[in-house]
Amino acid sequence: MDPVGELNERVARLEERMKTMQAEYRTDIARLAEDNAKRDAASARRETWMLGTVITVIAVGLTIHGFLTS
């Protein structure tokens, strides 16, 4: 094969490899975005639960304080 034909073949293989790597990169980015969304949702649930717990503890404490001081 002539040098130009070999070079064209090599460039074609490299372009195909680049396309494959770009597709893998896009898949990885999409997976990362999905994982981040799941983590954010779990974090929001945890924060809501902790806020509810704090409010409940304060309400119970104030109720007990009210009974003890009356």
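Considering the overall build of the chain
Logical step 1: For the chain, the count of helices and strands is 1 helix and 0 strands.
Logical step 2: For the chain, buried positions account for 1% of its 70 residues.
Logical step 3: Carbon and sulfur atoms provide 65% of the accessible area of the chain, an area that totals close to 6,500 Å².
Logical step 4: Looking at charge distribution, the chain has the averaged site of its 10 positive side-chain charges lying 6 Å from that of its 11 negative ones.

As for the environment of Asp 28
Logical step 1: When you line up the elements, Asp 28 lands in helix H1 (residues 3–69).
Logical step 2: The spatial distance from the C-alpha of Asp 28 to the C-alpha of Arg 46 is 27 Å, given a sequence separation of 18 residues.

Thoughts on the pattern of salt bridges
Logical step 1: Applying the stated criterion to the full structure yields 4 salt bridges.
Logical step 2: Note that Glu 34 and Lys 38 form a salt bridge whose closest N and O atoms lie 3.3 Å from each other. Separated by 4 residues within a single helix, Glu 34 and Lys 38 lie in helix H1, roughly one turn from each other.
Logical step 3: Its salt-bridge partner being Arg 39, residue Asp 40 comes within 3.2 Å of it at the nearest N-O pair.

Calculation rules
Residues numbered from 1 in each chain as written. Predicted model: local features only at pLDDT ≥ 70, side-chain atom pairs only at ≥ 80, totals over all residues. Heavy atoms only, no water. Helix = DSSP H or I, 4+ residues; strand = E, 2+ residues; numbered from the N terminus. Buried < 20%, exposed > 50% of the residue type's maximum accessible area, 1.4 Å probe, protein only. Areas by Shrake-Rupley, 256 points an atom, 1.4 Å probe, with all protein chains shown as cover. Lys, Arg positive; Asp, Glu negative; His and termini not counted. Charge placed at Lys NZ, Arg CZ, Asp CG, Glu CD. Salt bridge = Lys/Arg side-chain N within 4 Å of Asp/Glu carboxyl O.

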